[in-house]
Structures are given as structure tokens and as C-alpha cells.
Amino acid sequence: MVKGIITAVITFIVLLLVAAVLVMGYLGIMPGVSSLMGSDKPRDLGITATSQDYQTMVTKSGVTVSALPSDTLPADSLTFSGSRVVNTFYTSEELTAFVNQTDYKYKPVKNFQVRINSDGTVECSGIFDIKVIQDLKDTKKKKKKKKKKTYKSNPRFYYRQQRQL
């Protein structure tokens, strides 16, 4: 009887540990396990963007991208000025290229893809760069230097939105 209880407790503990490892691997907390499970890569939406797509996007939108001094703080690194009417459509490749190929030091996403489907849905996937997001958050709050939380993983994301009429 006691032997059966001990076996059940040990089995429960082992199953709990295996479940914890699998969950942490899926969430990207355990890099080696995440790589084995493929959860360290964003969902592939099948979009391949080229530098030509980037140039087309910049030309259509009229956006100006320029280099900033190296000592620019994250919160001051993105500015908007002026306005203009844009009456154009962008392809999935152009949007994907613009996000991935814009040389922005504080870009909060990596391996980004966006797909516009014929049924009006929009899907996007990528990987959040947690260090960049944390730096932006800390700079905007103008916090005094505290011990920063360090994150060992950059979570992937997938989002799908149905067009609202």
C-alpha cells in the first residue's frame, strides 16, 4: 500500500515536471526546448519581401527614414511631422518589407510578416524584442536606474483580424 502511494506521488511529480518543461519550452522560457518544439520561430505566413517591395512602400507612402545620432534615447528616436493624404493600397510584401527592412535601432519586432487575405482578414506574426520594448518603456517613464528585469526569451506572436464594415 505504501509502495503504491510512493509510486503514485513520484509519477505525479515527474508528470508535473515534464508538463512544466513543455509549457516553459512553448513560451520560450527554455531556449533549447523551444528550439526543439519550433516555438522560437514565428508562424510562417508565406510572405517573402524584397528590397524592391521596401522601395515601393517608401515611394507610395512618402515616408522619410533618416539616421539619428547614436546617443538618441529610445523615446526620442521616432518623430512624426507634417501630414499628407495617402490614397493607395499596400501589398502584404510591401508592409512586411517596410517593418523588417527599416533600419530602426529600437524596432520592437523581428521576423515580422503581414498577410492581407482576399476575404478581408489580416494576419501578422513575428517575435517581440523584449529588451527593446523594456528600454522604450523605461525611457518613456524616465525612471531612475533600478535593477532591470532580464528576460531570457523573446515571445513570438500571431494575430488575425477580421475586417469590420
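Let us look at the structure shown here. (Residues numbered from 1 in each chain as written. Predicted model: local features only at pLDDT ≥ 70, side-chain atom pairs only at ≥ 80, totals over all residues. Heavy atoms only, no water.)

What follows is about the sheet that holds strand S2 (residues 122-128). On the basis of which strands lie adjacent, the open sheet formed by 3 strands has the order S1-S2-S3 and antiparallel pairing. Edge strands, defined here as strands with exactly one partner in the open sheet, are strand S1 (109-116) and strand S3 (156-161). Strand-to-strand twist across the sheet, computed as the mean angle between neighbouring axes with direction ignored, equals 10 degrees. Of the strand pairs in this sheet, S1 and S2 are connected by 6 bridges, and their pairing is antiparallel. In the strand pairing of S2, Val109 is matched with Phe128. (Pairing = 2+ DSSP bridges. Helix = DSSP H or I, 4+ residues; strand = E, 2+ residues; numbered from the N terminus. Axes fitted to C-alpha atoms, helices over the stretch in contact; angles between N-to-C directions.)

On to the pattern of salt bridges. If you walk through the whole model with that rule in mind, you get 4 salt bridges. Salt bridges here are not isolated pairs; linked through shared partners, they connect Arg115, Asp119, Glu123 and Arg160. (Salt bridge = Lys/Arg side-chain N within 4 Å of Asp/Glu carboxyl O.)

Moving on: helix H3 (residues 51-61). Of all the positions in H3, only Asp53, Tyr54, Met57, Val58 and Ser61 are classed as buried. Along H3, the residues classed as buried sweep out an arc of 135 degrees about the axis, all on the same side. The exposed set on the far side of H3, more than 90 degrees from its buried face, consists of Ser51, Gln52 and Thr59. Check the buried side of H3 and you find it contacts helix H4 (92-101). At the C-terminal side of H3, Gly62 shows a positive phi close to 75 degrees. (Buried < 20%, exposed > 50% of the residue type's maximum accessible area, 1.4 Å probe, protein only. Arc of directions from axis to C-beta. Contact = heavy atoms within 4.5 Å.)

Applying the stated criterion to the full structure yields 3 aromatic pairs. Ring centres 6.0 Å apart and planes at 15 degrees place the aromatic pair Tyr54 and Phe98 in the stacked group. Remark: Phe98 occurs in helix H4 and Tyr54 occurs in helix H3; sequence separation between them is 44 residues. The pair formed by Tyr54 and Phe98 is uniform in burial state, with each residue classed as buried. An angle of 35 degrees between the planes, with centres 6.4 Å apart, marks the rings of Phe112 and Phe157 as tilted. (Phe/Tyr/Trp six-rings, centres within 6.5 Å; stacked < 30°, edge-to-face > 60°.)

Over the atoms rolls a probe the size of a water molecule, and its path tells where empty space is left. The calculated volume of the largest pocket comes to roughly 1,000 Å³. If you go around the largest pocket, you meet 30 residues; those closest to its centre are Val63, Thr64, Val65, Leu78 and Thr79. Of the residues assigned to the lining of the largest pocket, the class counts are 13 nonpolar, 12 polar and 5 charged. (1 Å grid on protein atoms, 1.4 Å probe; cavity = no way out; pocket = protein on both sides within 12 Å on 5 of 7 lines; lining within 4 Å. Points joined across faces, edges and corners; volume = space filled by probe spheres on them. Nonpolar A, V, L, I, M, F, W, Y, C, P; charged D, E, K, R; others polar.)

Among the structural elements, Thr121 can be located in the loop between S1 and S2. Remark: the alpha-carbon pair of Thr121 and Arg163, spanning 42 residues in sequence, is separated by 5.6 Å. Excluding its chain neighbours within four sequence positions, the residues that come into contact with Thr121 are Arg115, Ile116, Arg160, Gln161 and Gln162.

As far as function goes, none of this settles anything; it's purely spatial.
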